[in-house]
Amino acid sequence: MEINESFKNDTTVAYISMEIGVDSNIPTYSGGLGVLSGDTVRSAADLELPVVGICLCYSSGYFYQFFNEFGDQKEREIEWNFFYEFERVPEPITVKIEDKDVKVSAWQYNVIGQSGHLLPIYLLTTDVEGNEDWMKQMTGSLYDSTSKWNRIVQEMILGIGGVKLLKSLGYNNIQTYHLNEGHGSFAMVELYNMLNGDIEKVKEKMVFTTHTPVPAGHDRFKQELVDKVFKKRMPSKIKKLADDNGEFNMTYLGMALSRYRNGVAKKHGDISRKMFPQYEIDHITNGVHLPFWCSKPFRKIFSRKWPNWRSNPQLLENAIELDDLDIFDAHIENKFNLISYQKGHSWNLLDEELITFGFARRFATYKRAVLIFHEIDRLGKICKNAVQFIFAGKAHPKDQMGKDYIKEIHEAGEYLYNNYGVKVVMMENYNMDLSHMLVSGVDVWLNTPDRYREASGTSGMKAALNGVPNFSVQDGWWLEGYKRNPLAGWVIGPDDSNPDDPGVSNSWDIDANAFYEVLENQIIPTYMNHDEWIFRQKNAISLAAYFNTHRMIREYAKKAYLLKKQTRWKYIS
Ligand SMILES: *Cc1c(COP(=O)(O)O)cnc(C)c1O
C-alpha cells in the first residue's frame, strides 16, 4: 500500500497524542496513555480505518531507569537510532514561537494492520537543519519538566505543527481531529485561523478524550506564558474558552471546542460529567490490543480453538470451554519465562513454586504502590512459604514521593526477607517488553489505587487476557470488569456505592485490611485447589472479549468519527 493522492483523500481522521507507544524500544511513551495510543492505532490499522497519527519524536526519549545499592531510582538518557526505523518527510513546516520561525520536520513510522492496511504516524521534531541549537532541543525529551516554557512549546509543536504538517503533506480531507488528552488542544488555534475564526466550524472537526479524573492533572499555563510564546497571535475568543481563573487550561479548551467528548471508563465518564456539568460527555471504556498483548503460549491455544479470534475477539467470551491442561501448561511456560528472566536481572531469586503477585505501572502517588506493606508483619506471616511479589515502574524524575515509594519497596523487601523469608523484587526500567513478561508470567495482578483516580488502567486487561486474575481496588476498568464477571478475580475494599464518602473509602487502614483478609482467606486457599484456580483463569480470559481496542475503536468510529454523510467503513457495522 502506498501513500498517494487517493490514500490522502480517503484519510479522514487525525489522531493527535503526546505519546504513542508503537514499539517498546521507540521511546515515544511513558505509561498508560502512550500504550493505549499504540494499541488504538494498531486496532485502527487492523480494522482498516482511515486514520493518520501525530506525535512528537523525542530525541532522548523518556529515560532509562536503574537503582543504586540503596534502592534509589537513578536516571540515564536513552540513546536510540530512530534514523534506521523511520523515513524522513522531505519538507519542514514552520511554527511561530515567540518571534522565531521554528522549523518542524517529521519522521514517518508505518503501522501495518493485519490485512496490510497502512496507518502512517508522523513524529514531529525540531531537530532540523537551519534551527538554532536551543530550538533543536525543543523535542528533546518526553514530559520535559525543566520548565513550563518547554512544556508549552512542545504542545504548540504537537497541536499547531500537527495540523500544519498534515496540510502541507496534502491530507486535505481530515474531518475529525481526535485529541487524545489536552496536550494537543493548540490544534484548535491553528484550525481557528484556517477556518477564518469560525468557532462552530472548528467544533465540527474536533473530538476530545479526557484521561484525568483529577483537576490538578489537567494541563494549565499562566496567561503571561501564553502571551510570551504566542505574542499577539492567541485569539481572544480562544483565550476566553480556555480561561481557568486566569490560567489557560488545555482541557477547558478541548471540552469547549469539540463536537464529541468522552472519558475512558464508565466511572470516569461520571466523574468527568461532574467536573464539567456544562458539557455532554460520553464514555468509551479503554481496551488493549489483544494480538499484541497475548503471550505466545496463549496465542497458540486461542488460534487452535478459534482460528479468527484476532479479528473477532468476541469469541473469547467462551474461554470457559478451553482445555484445563492447555491453560495450565501455557501459564507455567510464561511463569518460568518471567522467573528465569528475573534471575538474570537481579540478585534476589524468585521461586517457581510460590504464588507470584505482580504490580507494575508508573509510580504516581495515587497508585499507592506500597499499600500492601501497611501492616508489614501481618503481610509477612500470611505470605511466609506461600507468596512472593514482583514490582516494576518508573517515577517521573521530578516526583520525589514516587521515588520514595520505590525505595520503600526495597526496604520492605529486605525486612520481609530477613524476618519471614518472603521475597519482594523490584525490576529495573519498566517498559512494554517487561510488561509483556510480567502481565503473563505472574499468578495474580495487583492494583491498589486511590479510588476515583485511576481513569481506566489497562495493565490488568493484559493480565486477564493471559489467564492472570486481577486483585484490585474497585476503580477504573476493574469496576466494570469485576461486575461483568466476579469470578475473574477479587476486589480490595468497598465499591463505589458510597460516593459521598471517598475519604473513608480510600483509607489505607480499611483497604490494607481488606487486602490481607482476601489474600489469606480466599486467594491462597483457591490457589491450592488446581481445578478451582484454572476455572478462575478462564474467567479472567473471558473479560478480554470486551476489554480490547477492537471493540473500543469501533465505538469511537460509530460515536465519534463516522459522520452521517460519509460512506460506511468496511469493518464498522
Ligand atoms: C500497560 C502499560 C501501562 C499501563 O498500566 P496501568 O495499569 O494502566 O497503570 C504502563 N506502562 C507500560 C509500560 C505498560 O505496558
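Note that the structure is a prediction, hence the values are computed from the model and not measured. (Residues numbered from 1 in each chain as written. Predicted model: local features only at pLDDT ≥ 70, side-chain atom pairs only at ≥ 80, totals over all residues. Heavy atoms only, no water.)

Engineer: Give a description of the domain arrangement of the protein chain that names residues and reports values.
Structural biologist: Domains assigned within the protein chain are domain 1 (5–287 + 551–565) and domain 2 (290–305 + 313–344 + 354–391 + 424–547). On a C-alpha basis, the centres of domain 1 and domain 2 stand 31 Å from each other. On the domain 2 side, the residues contacting the 30 residues of domain 1 number 26 residues. Between domain 1 and domain 2, a total of about 2300 Å² is buried, with carbon and sulfur atoms accounting for 60% of that surface. Seen at the junction of domain 1 and domain 2, the total is 1 salt bridge. The interface formed by domain 1 and domain 2 holds 10 residue pairs in polar contact (both at pLDDT 80 or more) in total. Secondary structure elements with two or more residues in the side of domain 1 that touches domain 2: helix 2 (32–46), strand 3 (64–67), helix 11 (266–275) and helix 23 (549–561). Looking at the side of domain 1 that touches domain 2, its residues break down into 12 nonpolar, 11 polar and 7 charged. (Domains from an automatic or database assignment. Contact = heavy atoms within 4.5 Å. Buried area = accessible area lost by both parts, 1.4 Å probe. Salt bridge = Lys/Arg side-chain N within 4 Å of Asp/Glu carboxyl O. Polar contact = N/O pair within 3.5 Å; in protein donor to acceptor, adjacent residues only side chain to side chain. Helix = DSSP H or I, 4+ residues; strand = E, 2+ residues; numbered from the N terminus. Nonpolar A, V, L, I, M, F, W, Y, C, P; charged D, E, K, R; others polar.)

Engineer: Help me get a handle on the nonpolar core, residues and values and all.
Structural biologist: Counting 64 residues, the largest nonpolar core has Y122, Y177, F186, F230 and F248 as its most contacted members. Take this core: its biggest share by element is 10 residues, from helix 5 (residues 148–169). Setting aside residues no more than four positions away along its own chain, F248 makes contact with F186, D219, R220, F221, Q223, V226, M234, I238, K239, A242 and L253. In terms of nonpolar packing, the next biggest core, distinct from the first, is built from 44 residues, F67, I355, A412 and L416 among them. (Core = buried A, V, L, I, M, F, W, Y, C linked by side-chain atoms within 4.5 Å. Buried < 20%, exposed > 50% of the residue type's maximum accessible area, 1.4 Å probe, protein only.)

Engineer: Summarise the sheet that holds strand 12 (residues 243–244); cite the residues concerned and give the values.
Structural biologist: Ordered in space as 11-13-12, the 3 strands form an open sheet in which the pairing is antiparallel. Of all the strands in the sheet, the pair left with one neighbour each is strand 11 (220–222) and strand 12. Here strand 11 runs beside strand 13 (residues 247–249); their pairing, made up of 3 bridges, is antiparallel. Note that in strand 13 the partner of K222 across the bridge is E247. Helix-sheet contacts for helix 8 (residues 223–230) involve strand 11, strand 12 and strand 13, and the interaxial angle to strand 11 is about 80 degrees. (Pairing = 2+ DSSP bridges. Axes fitted to C-alpha atoms, helices over the stretch in contact; angles between N-to-C directions.)

Engineer: Describe the site of the ligand, with residues and values.
Structural biologist: For the ligand, the set of nearby residues contains 14 residues, the closest of which are K367, S435, T458, S459 and K462. Between S459 and the ligand, the recorded distance is 2.4 Å, taken from a side-chain N or O atom to an oxygen atom. Here the ligand loses 96% of its free accessible area of 390 Å² to cover by the protein chains. Residue composition of the shell around the ligand, by class: 4 nonpolar, 7 polar and 3 charged. Shared between two domains, the shell around the ligand takes at least three residues from each, and those domains are domain 1 (5–287 + 551–565) and domain 2 (290–305 + 313–344 + 354–391 + 424–547). (Near = heavy atom within 4 Å. Areas by Shrake-Rupley, 256 points an atom, 1.4 Å probe, with all protein chains shown as cover.)

Engineer: Summarise the pattern of salt bridges; cite the residues concerned and give the values.
Structural biologist: The full count for this structure, using the stated rule, is 27 salt bridges. Between D511 and R451 there is a salt bridge; the shortest N-O distance is 2.9 Å. You can see D511 sitting in helix 21 (residues 508–528) and its partner R451 sitting in the loop between strand 19 (444–447) and helix 18 (459–465), a full 60 residues away along the chain. For D511, a relative accessible area of 0% puts it in the buried group. A salt bridge links E555 to R551; its shortest N-O distance comes to 3.0 Å. Taken as a pair, E555 and R551 lie in helix 23 at a separation of 4 residues, close to a single helical turn. R551 matches E555 in its accessibility class, with the two residues each being buried. Taken together, the salt bridges that share partners define one network made up of D282, R551, E555 and K559.

Engineer: So what's going on with unusual backbone geometry? Which residues, and what values?
Structural biologist: Non-glycine residue E181 carries a positive phi angle of around 85 degrees. Counting through the fold element by element, E181 comes out in the loop between strand 9 (176–180) and helix 6 (187–194). Phi is positive for Y452, close to 70 degrees, though the residue is something other than glycine. Relative to the helices and strands, Y452 resides in the loop between strand 19 and helix 18. According to the relative accessible area criterion, Y452 is buried, its value standing at 13%.

Engineer: Describe the side chain of S507, listing the residues and the values that go with them.
Structural biologist: Mapped onto the elements of the fold, S507 is located in the loop between helix 20 (502–505) and helix 21. Polar contacts involving the side chain of S507 include one to the main-chain amide nitrogen of D509, which spans 3.1 Å.

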